[in-house]
Amino acid sequence: MELKEIREHVHKLPLLNYEKLESYRELSLAHSCLSIITACYVWQNGDIGVPQKIPKNLAVPLMGVSERLGLKPIICHHNTVISNWQNIECDGPLGVTNGQLIMETPGGENSQLFWLVTIEIEKAFAQAIQPILDAIRFAESEDKDGLKASLENVFVVIKKMTETFHKMKGLNSRVFFDEIRPFLNGWNRSNSALPGLIYEGVSEDPLEFNGGNAAQSPAIQSIDSLLGVRHSPDKEAFLEKMRDYMVKQHREFIEHIKSTSLVRQFVSNVNFEPLTTSYNDCIKAVKGFRTFHIQMVTKNIIIQANRHAVDHKYEAVSKKGTGGSELIPFLKNIRLTTEQHLLKKEGQSSCPVHDITYCDN
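The numbers attached to residues start from 1 for each chain and follow its sequence in the written order. Residue-level local features of this predicted model are given only where pLDDT is at least 70; pairs of side-chain atoms are given and counted only at 80 or more, and the full residue set underlies all totals for whole chains, interfaces and linings. Each side-chain value is worked out from all heavy atoms of the structure, with water and hydrogens disregarded.

Student: How would you explain the overall build of the protein if you had to name every residue and give the values?
Tutor: Helix and strand content of the protein: 14 helices and 4 strands. Each residue's exposure class comes from its accessible area (1.4 Å probe, protein chains only) as a fraction of the maximum for that residue type: buried when under 20%, exposed when over 50%, partly exposed otherwise. Within the span of the protein, comprising 361 residues, buried residues form 54% of the whole. Long-range contacts, defined here as pairs at least 24 residues apart, represent 77% of the contacts in the protein between residues at least 6 apart. Surface accessibility in these figures is a Shrake-Rupley result with a 1.4 Å probe; residues are shielded only by whichever protein chains are displayed. Put simply, the protein shows about 16,600 Å² of open surface, and 52% of that area lies on carbon and sulfur atoms. Secondary structure elements follow DSSP: runs of H or I of four or more residues count as helices, runs of E of two or more count as strands, with numbering from the N terminus. Pairs of residues are marked as contacts when any of their non-hydrogen atoms sit within 4.5 Å.

Below, the structure is given as structure tokens:
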């Protein structure tokens with residue numbers, strides 16, 4: 001990448017037979033390899049000189065592997081985070097000090113830090129899966145004490161995720177903005193430099209896809225769904241679209257929670273103050289996670305986009321999310337609607353979802 005020679009090497013690759021791949025792990029590794037190579041091929045020289053097509057020897061196997069996994073044929077959260085790590089010491093805990101990437105992206109040590117912290121956040125969320133399922137069951141059976149205990153467990157997990165997120169403070173903002181983030185960009189109409197790409201051997205027309213972004217993580221979307229947090233229609237539409245960039249099992253998990261969770265309804269109706277407190281603690285914890293996300297975006301993207309020495313090679317997407325959203329307005333909006341889901345304590349009227357005011361900034 002540093003020598004700007006990746007396209008030259010890609011053109012020498014043979015057409016790989018992806019049909020020989022059998023296991024989920026093989027397919028996931030192939031998807032990570034092919035999508036990261038594709039991203040580097042496309043963005044090697046920044047906005048200037050972007051190609052109009054992905055060569056057949058990348059496009060065909062990438063599309064084939066993607067279809068078998070139920071993923072999009074582009075770099076995404078799943079192939080850079082969820083399926084892109086391994087422990088250094090097999091028996092040790094997964095984390096920044098005992099983890100390494102299988103496939104690296106540009107950015108050196110800062111790239112390692114960025115991805116390994118993100119991986120550790122996903123690992124922390126895994127501890128919430130059983131409490132989430134328990135909470136749904138307890139709400140359905142109207143078990144106040146069981147639901148309270150489950151929500152307390154979910155709260156602990158959200159706090160752990162936020163605590164882990166704070167390790168991102170050590171990230172070099174310039175390296176993130178100039179070297180790491182550009183390769184997460186997508187190709188669609190929100191990107192003036194590249195509104196679409198032809199996948200040679202797959203489609204004669206340009207295909208549009210969003211780039212990799214945090215909304216493609218199943219973690220916070222699952223917690224939102226459990227708590228009955230609903231955002232404005234346009235934000236909900238974007239989040240739903242990002243679920244198309246998850247593997248089928250993660251999509252179905254979120255949709256199951258969303259369609260079955262009666263947690264907010266039960267907590268709102270039962271007027272049991274300790275339970276309301278546990279629910280509100282979760283809402284406040286999610287708000288705290290989103291507040292820190294805004295701080296990191298401001299530091300690593302917005303301020304960097306405004307600095308005089310910025311590398312203008314990637315100016316077309318400088319202040320947008322790699323998923324195509326307007327960053328700060330989007331993040332502030334979903335933080336606000338999260339806060340608006342706080343329930344009033346006993347003796348006061350609650351704040352049902354249909355009474356929430358949606359804001360655009």
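Next comes the rest of the account.
Student: Can you tell me about the packing of helix H12 (residues 263-270) against helix H13 (residues 273-306), naming the residues and giving the values?
Tutor: Viewed as axis vectors pointing N to C, H12 and H13 meet at an angle of 140 degrees, and their least axial separation amounts to 9 Å. Judged by the sense of rotation from one axis to the other, the crossing of H12 with H13 is left-handed. Contacts between H12 and H13 involve Val 263, Arg 264, Phe 266, Val 267 and Val 270 from the first element and Leu 275, Thr 276 and Tyr 279 from the second. In this classification, the charged set is Asp, Glu, Lys and Arg, the nonpolar set is Ala, Val, Leu, Ile, Met, Phe, Trp, Tyr, Cys and Pro, and all remaining amino acids, among them Gly, are polar. When its residues are assigned to classes, the contact of H12 with H13 shows 6 nonpolar, 1 polar and 1 charged. To define axes, lines are fitted to C-alpha atoms, for helices over the stretch in contact only, and angles between the resulting N-to-C directions are given on a 0 to 180 degree scale. Left-handed describes a crossing whose near helix is turned anticlockwise from the far helix through less than a right angle; right-handed describes the clockwise counterpart.

Student: Can you tell me about H12, naming the residues and giving the values?
Tutor: Listed as buried for H12 are Val 263, Arg 264, Phe 266 and Val 267. Seen end-on, H12 carries its buried residues on one side only, within an arc spanning 165 degrees. Away from the buried face of H12 by more than 90 degrees, exposed residues Gln 265 and Asn 269 are located. If you follow the buried residues of H12, they end up packed against helix H6 (129-140), helix H7 (144-165), helix H9 (218-227) and H13. Two residues or fewer past H12, Asn 271 is found with a positive phi of approximately 55 degrees. Arc, as used here, means the arc of the directions from the helix axis to the C-beta atoms.

Student: Before we move on, can you summarise the confidence of the model for the protein with the specific residues and values?
Tutor: Every residue carries a pLDDT, the predictor's confidence in it, which falls somewhere between 0 and 100. For the protein, the mean per-residue pLDDT works out to 89, and 89% of the residues sit at or above 70. Ignoring residues within four places in sequence, the model shows residues 352-361, a span with pLDDT below 50, making 19 contacts including any to other chains.

Student: How would you summarise the packing of H9 against helix H11 (residues 248-260) if you had to cite specific residues and measurements?
Tutor: One way to put it is that H9 packs onto H11 with a least axis distance of 8 Å and a crossing angle of 15 degrees. One way to sum up the angle between H9 and H11 is to call them roughly parallel. In the crossing of H9 with H11, the sense of the turn from one axis to the other is left-handed. Here Pro 218, Gln 221, Ser 222, Ser 225 and Leu 226 of H9 come into contact with H11, specifically with His 250, Phe 253, Ile 254, Ile 257 and Lys 258. Under this scheme an angle from 65 to 115 degrees is roughly perpendicular, one under 35 degrees roughly parallel, and one over 145 degrees roughly antiparallel; angles in between are oblique.

Student: Please provide a residue-by-residue account of unusual backbone geometry, values included.
Tutor: Positive phi values are uncommon outside glycine, yet Glu 142 reaches one of about 60 degrees. One can find Glu 142 in the loop between H6 and H7. Positive phi outside glycine occurs at Asn 271, with the angle close to 55 degrees. One can find Asn 271 in the loop between H12 and H13. On the accessibility criterion, Asn 271 (45% relative accessible area) is partly exposed.

Student: Describe in detail the environment of Leu 147, supporting the description with residues and values.
Tutor: Looking at the element boundaries, Leu 147 is found in helix H7. Each C-alpha atom of the pair Leu 147 and Arg 137 lies 8.2 Å from the other, and the pair is 10 residues apart in sequence. Apart from the residues within four sequence positions on either side, Leu 147 is in contact with Ala 135, Phe 138, Ala 139, Val 263, Phe 266, Val 267 and Leu 275.

Student: A description of helix H10 (residues 233-242) should follow, citing residues and the corresponding values.
Tutor: Within H10, the full set of buried residues consists of Lys 235, Glu 236, Phe 238, Leu 239 and Met 242. The arc that holds the buried residues of H10, viewed along the axis, is 160 degrees, so those residues lie on one side. Residues of H10 that are buried make contact with H9, H11 and helix H14 (327-339).

Student: I'd like a description of the nonpolar core, backed by residues and values.
Tutor: Remark: nonpolar core denotes a set of buried residues (Ala, Val, Leu, Ile, Met, Phe, Trp, Tyr, Cys) joined through side-chain atoms within 4.5 Å. Within the largest apolar cluster, 99 residues are counted, with the highest numbers of intra-cluster contacts made by Leu 147, Met 161, Trp 187, Tyr 199, Leu 226 and Leu 227. Broken down by element, this core gets its largest block of residues, 14 residues, from H13.

Student: Tell me what's going on with the side chain of Ser 111, and back it up with residues and numbers.
Tutor: Looking at the secondary structure, you find Ser 111 in helix H5 (residues 108-126). Judged by its relative accessible area of 1%, Ser 111 is buried. Leaving out residues up to four positions away in the same chain, Ser 111 has contacts with Leu 101, Thr 105, Pro 106 and Ile 180.

Student: Pulling in residues and values, what's your account of the pattern of salt bridges?
Tutor: The salt bridge criterion pairs a side-chain nitrogen of Lys or Arg with a carboxyl oxygen of Asp or Glu, the two atoms within 4 Å. What the rule picks out here adds up to 14 salt bridges. In this structure, Asp 234 engages Lys 235 in a salt bridge whose closest nitrogen and oxygen atoms are separated by 2.8 Å. Relative accessible area serves as the criterion here: at 44%, Asp 234 is assigned to the partly exposed category. As a salt-bridge pair, Lys 248 and Glu 252 come within 3.9 Å of each other at their nearest N and O atoms. Of this pair, Lys 248 and Glu 252 both sit in helix H11, 4 residues apart, roughly one helical turn. The class for Lys 248 is partly exposed, based on a relative accessible area of 46%. Overall, the relative accessible area of 42% leaves Glu 252 in the partly exposed class. Salt bridges sharing partners connect three or more residues here, namely Arg 174, Asp 178 and Glu 179.

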